[in-house]
Amino acid sequence: MATSLRMVNPEEELRRYNFRIKVAAGIVVLAFTVLFTRFVWLQLVEYDRYHALAENNRITLTPNPPARGIIYDRNGTVLAHNFAAYTLEITPSKAGKLEETINRLAEIVQIDAGDRKRFKKLLAESKNFETLPIKMRLTEEEVARFAVNSFRFPGVEVKARLFRQYPMGEDFAHVIGYIGRINQRDEERIRESGRSANYRGTDHIGKSGVEESYENLLHGITGIAQVETDSAGRAVRVLAQTPPVAGNNVYLHLDAKLQEIATKVFGPYRGALVALDPRNGGVLALVSKPGFDPNLFVDGIDLANWRALNESPDTPLVNRALRGIYPPGSTIKPFMALAGLELGFRKPGDAIADPGYYSLPGSSHRYRDWKKDGHGIVDLKKSVVVSCDTYYYRLANEMGIQKMAGFLSQLGFGHKTGIDMEGELTGLMPTPEWKQKRFKQPWWPGETVIAGIGQGYTLATPLQLAVATMAVANNGKVYQPQLLRGWRDTLTGRIVENPPKVVTELKFDPEHLRIVKEAMVEVTRPGGTAAGAGAGAEYLFAGKTGTAQVIGIKQNERYDEKRIAARHRDHALFIAFAPADDPKIVIAVMVENGGHGSSTAAPIARKVADYWLLGKIPEALKEDAAEEEGENEDTPPPSEPARAGPAAVTAAPTRTTR
Amino acid sequence: MNLRHLLGRLFNHIDRPLAGLLALLLLTSIATVFSAANTSVDKLLAHLLNIAVALVAMIAVSHVPPQRLMQFALPAYVLGVILLIGVALAGDVVNGARRWLNLGIARIQPSELMRLAVPMMLAWYLHLKQETLSTRHFASAAVLLLIPVALILRQPDLGTSLLITASGVFVLFLGGLSWRIIVGGIVLAGAALPFAWHFLHDYQRQRVLTLLDPSSDPLGAGYHIIQSTIAVGSGGMAGKGWLNGSQAHLDFLPERTTDFIFAVFSEEFGLLGNLLLLLLYAAIIYRGLTLAALAPSLFGRLLAGAIVLTFFTYAFVNMGMVSGILPVVGVPLPLVSYGGTSMVSVLIGFGIVMSAASHKKLVKT
């Protein structure tokens, strides 16, 4: 530049300085104007947006899950309830190294291998950001110990939670079912049915039995709390909340004591029993043996227990009452007898001579009676009382499979009963069309003959047998079997009745019904096949024995119970209703590999009827009562009500209140 | 009265209007820090102590005549540069940046010292050459400026180096740097921006990118900007009220007692509060520049003017950063943010401004 060496005039310098100060001041004004413009933009123009963002930051909606409804039997005995307990829970996303955390926790709180396994299983199934229980039911001491050390465990917290508990345990597992953690499939179902919002914060759902079928009644309405949270998501205070509405308490037709007795009288056998109230279809007892402890499933069953249950040859997880399908055997005879009368193939007085076998015209094949030498002269009534096979071989052949299937279908064979429980099987009432479709083979006349005594293709569940028996006991009126008797609506406090549902009202000739019923009463009297089980009954006990073959017996072989492996022994069946002149209970019993219906199944039904009608408790059970006390000591928590005693009826359910 | 006389002497270099304005700003600061610290009394007391110390320092410095201050310019500058070199060779690394020097007794951040030492050095240099001031001298001054700036940039501390550059440029600008060079420099700087990009550290680039689109990284680098912008915006016209800022009190605002305190203020006092705060800053700057122009010596004028303009720069950069129009640099809001160093150095600066304007007699060197 040219100004390399110039003297500066102080005056000029000062003027220049002042000018530059003014320029700088101008820049300041400009800069502050820019800032102010920005503030106007943020705080006026875009205010609504930022206000909303700040509120979103501040307020979190937290679901407040409801307490699940309690399940009672008809007398108010608690079958499923909730109790509050402390759990130790881990939020995997916040806890860092899980294995290490758990190891360190184990120094403070007792954590066994089972807890670890269950946690691993839950972890595999869980969604992110969920808290998972590592240890259930902490003792007060453990809670205190953890509280002191909690600073060492980020992402681990003690929570007060409601636990589902089934105080009656294994005897009721198949009816009441159980709840379990919501898995992916459940979640999809919930989403599809549009209930997602109500399931926020809920982590259990009914998986089987009443817990499953009445999930909607039992779940309740989830409350919402508007919680102010800080940036770490910690709740600072509750701004507003809609409290949750507890699930409805549910009352069943079931009688806990009856159910217990019905289970116990099975003794060591596997099998199923269904007891219905013929006046409304209410399920009084529904037994499937063996059972299992439903409490194991609530927070995820561990692998060892699951294997034991799932792989047991006794299949304890199968509800035999609904899903066990068996040939009805001779229990089909009263229905066949009614069919013969109603369809005009037999008159009450008609009698046949029974040589001990039946052969189709033009065939030498002998369909043998169970009594080798036959029953002599047999009329319709006697055919039921002594369970004459020959009579029904012949009747079936005359009637033909089509008419037989048509009549028996009306009684519910081959149809679902519509019980309010998931998973019921249809059984099978075979027809030539069915066989053609299924096996691409024609129907043989011989198949009709054996269908006449409930063998062959015919299959029925114990529940179906009970419903068919109800049809006879009720003079044709068939109710849908229902577990639910009513519920207490939590919102209104009112008891809502679940009305009986009539499936059909079959029109039978009263005279025909009278004869069949009389015959069934004779069955339990001297000379009848269940005379032993009927001895000394103080009411009219109507029944029919049955035996369902497990393996086929060759033409010239004899079935020798003693020489056959236990698993290949016949299933024993018995259907009953009582009192016959005014039926109050209908029973179907199936004893797997129980041999004859008369010796194993019928006495079970008698004991159940005795308790229901007379309040009689079987002698054997009275003694057992004392021994049972110590049995299930691993499951019941301190708050468990006394087992099935009258005290349980009034025991207040435990639940947390907010 | 003797005491009255003594007090009068104590304050006789204090400019009443400026002191009044500063007092208003400090009261605002006390209220805002109290709210930002969730009404922590401990923090409040610490803040009051900082203010007290800083005010004492201001009063003390106001008594130091500029010609005496000039004597410190060169030693302070040289010491600062030596310490910066020390930092580069043996500094402690904190948060990935080598900014601290451990002297055994205390750990110091020499770049803080340079905030005042650099404008002092430049003002002294131009003052020294004022009779024959030429472009050559400006070039030498520029070199004096660039040495510490380069050292601080290396630490790396982009914010401080830019602000120190600004304070030096203000001295040169007020000292009469030719317009041609100023305009040329601005054009050159603009052209160099794309190249400068290459020299930025990743985190520095990230900050710039984040400014352009905060939502690109909402939980990382963008978080600060998003949350502070929400705080400012949700303040609305009149604000949520003192102690009622949800963004601040629920911990959504980072660094809310220090660099982001303006977000707390803005959330609680709204647009009206912001307007008043801007006016307060403008008034302080106006009074400061007026005082600077009154200074009899060139050194005093240049130094005081640069100090006031640097004060403005801090305020502007901080508010611009919090409201999302400037990238995040670690700059406190002067005289409002919590923090002793900044408080003391800013008030010492104003002490110098008052001293420069009030010491009329100047001994020629």
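Above this text is the structure in question.
Residues numbered from 1 in each chain as written. Chains lettered and ligands numbered in written order. Predicted model: local features only at pLDDT ≥ 70, side-chain atom pairs only at ≥ 80, totals over all residues. Heavy atoms only, no water.

(A) Summary view of the overall build of chain B. Secondary structure assignment for chain B yields 14 helices and three strands. Residues classed as buried in chain B amount to 53% of the 365 residues present. Residue pairs in contact within chain B that sit at least 24 positions apart in sequence constitute 71% of those at least 6 positions apart. Looking at chain B as shown, the accessible area adds up to about 15800 Å², and 69% of this sits on carbon and sulfur atoms. (Helix = DSSP H or I, 4+ residues; strand = E, 2+ residues; numbered from the N terminus. Buried < 20%, exposed > 50% of the residue type's maximum accessible area, 1.4 Å probe, protein only. Contact = heavy atoms within 4.5 Å. Areas by Shrake-Rupley, 256 points an atom, 1.4 Å probe, with all protein chains shown as cover.)

(B) Broad picture of the sheet that holds strand β23 (residues 585-591) of chain A. Residue and element names in this part refer to chain A. If you trace the five strands from one edge of the open sheet to the other, you get β12-β11-β23-β22-β21, paired in antiparallel fashion. Single-partner strands in this sheet number two, and they are β12 (283-289) and β21 (542-548). Averaged over neighbouring strand pairs, the angle between their axes works out to 5° when direction is ignored. As paired strands, strand β22 (residues 571-578) and β23 are joined by seven bridges and run antiparallel to one another. The partner of A576 across the bridge, within β23, is I587. Relative to the sheet, helix α19 (residues 462-473) contacts β11 (271-276), β22 and β23, its axis offset from that of β23 by approximately 145°. (Pairing = 2+ DSSP bridges. Axes fitted to C-alpha atoms, helices over the stretch in contact; angles between N-to-C directions.)

(C) Looking closely at a nonpolar patch on the surface. On the surface, W41, L44 and V45 of chain A together with M237 and L272 of chain B cluster together into a nonpolar patch covering about 480 Å² of accessible area. Counting residues per element, the nonpolar patch draws most heavily on helix α1 (residues 10-45) of chain A, which supplies three residues. You can see V45 of chain A is positioned in helix α1. Assessed through its relative accessible area of 51%, V45 of chain A is described here as exposed. (Patch = residues over 30% accessible without salt bridge, like charges linked within 9 Å, V, L, I, M, F, W, Y side chains within 5 Å. Salt bridge = Lys/Arg side-chain N within 4 Å of Asp/Glu carboxyl O.)

(D) Structural context of helix α2 (residues 16-36) of chain B. All names here are of chain B. Helix length check: α2 (21 residues) gives 30 Å between terminal C-alpha atoms against 30 Å at 1.5 Å per residue, within 8%. Restricting attention to buried positions, one finds in α2 the residues L18, L21, L22, L25, L26, T28, S29, T32, V33, F34, S35 and A36. Capping of α2 at its N-terminal end is provided by D15; its side-chain oxygen lies 2.9 Å from the backbone amide nitrogen of L18. Positive phi appears at N38, one or two residues downstream of α2, with a value of about 55°. (Expected span 1.5 Å × (residues − 1). Polar contact = N/O pair within 3.5 Å; in protein donor to acceptor, adjacent residues only side chain to side chain.)

(E) Spotlight on the packing of aromatic side chains. Going through the model one piece at a time under the given rule, you end up with 27 aromatic pairs over all chains. Counting every residue linked through ring pairs, the aromatic cluster contains F39 of chain A together with F262, F265 and F269 of chain B. The ring centre of F163 of chain A lies 4.9 Å from the NZ or CZ of R161 of chain A, which sits over that ring. The ring of Y357 of chain A carries R366 of chain A above its face, with NZ or CZ at 3.9 Å from the centroid. (Phe/Tyr/Trp six-rings, centres within 6.5 Å; stacked < 30°, edge-to-face > 60°. Lys NZ or Arg CZ within 6 Å of the ring centre and 35° of its normal.)

(F) Molecular detail of the interface of chain B and chain A. In this complex, chain B contributes 56 residues to the contact, which on the side of chain A involves 43 residues. With both chains or domains summed, chain B and chain A bury close to 4100 Å², and 70% of this area falls on carbon and sulfur atoms. Its largest share of buried area at the contact with chain A, chain B owes to L250, L271 and L278 of chain B, together 14% of the area lost on that side. Between the two partners, chain B and chain A, sit one salt bridge. Linking R301 of chain B and E13 of chain A is a salt bridge whose minimum nitrogen-to-oxygen distance equals 2.7 Å. Along the contact surface separating chain B from chain A lie 12 residue pairs in polar contact (both at pLDDT 80 or more). Listing elements by their share of the side of chain B that touches chain A, those giving two or more residues are α7 (158-174), α8 (179-199), α10 (222-235), α11 (246-249), α12 (261-294) and α13 (298-322) of chain B. Here the side of chain B that touches chain A is built from residues that sort into 29 nonpolar, 22 polar and five charged. (Buried area = accessible area lost by both parts, 1.4 Å probe. Nonpolar A, V, L, I, M, F, W, Y, C, P; charged D, E, K, R; others polar.)

(G) Focus on the side chain of D610 of chain A. Position of D610 of chain A among the secondary structure elements: in helix α22 (residues 597-614). Setting aside residues up to four positions removed in sequence, D610 of chain A forms contacts with Y539, G615 and K616 of chain A.

(H) Here's a closer look at the sheet that holds strand β1 (residues 92-94) of chain B. All names here are of chain B. Strand order in the open sheet formed by three strands is β1-β2-β3, and the pairing between neighbours is antiparallel. Two strands in the sheet have a free side with no partner beyond their single neighbour: β1 and β3 (107-108). With three bridges joining them, β1 and strand β2 (residues 97-102) adopt antiparallel strand pairing. The residue of β2 that forms the bridge with D92 is W100. This element, helix α4 (residues 66-90), spans β1, β2 and β3 of the sheet and lies at about 115° to β2.

(I) Structural detail: the environment of K94 of chain A. Relative to the assigned elements, K94 of chain A resides in the loop between β3 (78-90) and α3 (98-106). Between the alpha carbons of K94 of chain A and V156 of chain A there is a distance of 8.3 Å; along the sequence they are 62 residues apart.

(J) Representation of the pattern of salt bridges within the structure. Residue and element names in this part refer to chain A. Evaluated as defined, the whole model comprises 36 salt bridges over all chains. The partner of R189 in a salt bridge is D186, and the shortest N-O contact between them spans 2.5 Å. Taken together, the residues R189 and D186, both in helix α7 (residues 184-192) and three residues apart, mark about one turn of the helix. Looking at D186, the relative accessible area reads 4%, which means it is buried. Bridged by salt links that share partners, the residues R68, R164, E211 and E215 form one connected network.

(K) Summary view of the packing of α2 of chain B against α12 of chain B. All names here are of chain B. The contact between α2 and α12 brings their axes to 10 Å, and the two run at 160°. With respect to their mutual orientation, α2 and α12 come out roughly antiparallel. Two packed elements cross with a definite hand, and for α2 against α12 that hand is left-handed. Contacts between α2 and α12 involve P17, L18, L21, L22, L24, L25, T28, T32, V33, S35 and A36 on the former and, on the latter, I261, V264, F265, E268, F269, L277, L280, Y281, A283, I284, R287 and L291. (Parallel < 35°, antiparallel > 145°, perpendicular 65-115°, else oblique. Left-handed = near helix turned anticlockwise from the far one by under 90°.)

(L) The arrangement of the packing of α1 of chain A against α12 of chain B in detail. The N-to-C vectors of α1 of chain A and α12 of chain B enclose an angle of 175°; their axes lie 11 Å apart at closest approach. Relative to α12 of chain B, the element α1 of chain A lies roughly antiparallel. Broken down by class, the residue content of the contact of α1 of chain A with α12 of chain B amounts to 20 nonpolar, five polar and no charged.

(M) Representation of α4 of chain B. All names here are of chain B. Between its terminal C-alpha atoms α4 stretches 35 Å, which fits the 36 Å expected from 25 residues at 1.5 Å a residue. Where α4 bends most, at F72, the angle is about 30°, and the proline P75 comes one to four residues later. For α4, the full list of buried residues reads P66, Q67, L69, M70, A73, A76, Y77, G80, V81, L83, L84 and V87. (Bend = angle between axes of the 7 residues up to and from the residue.)

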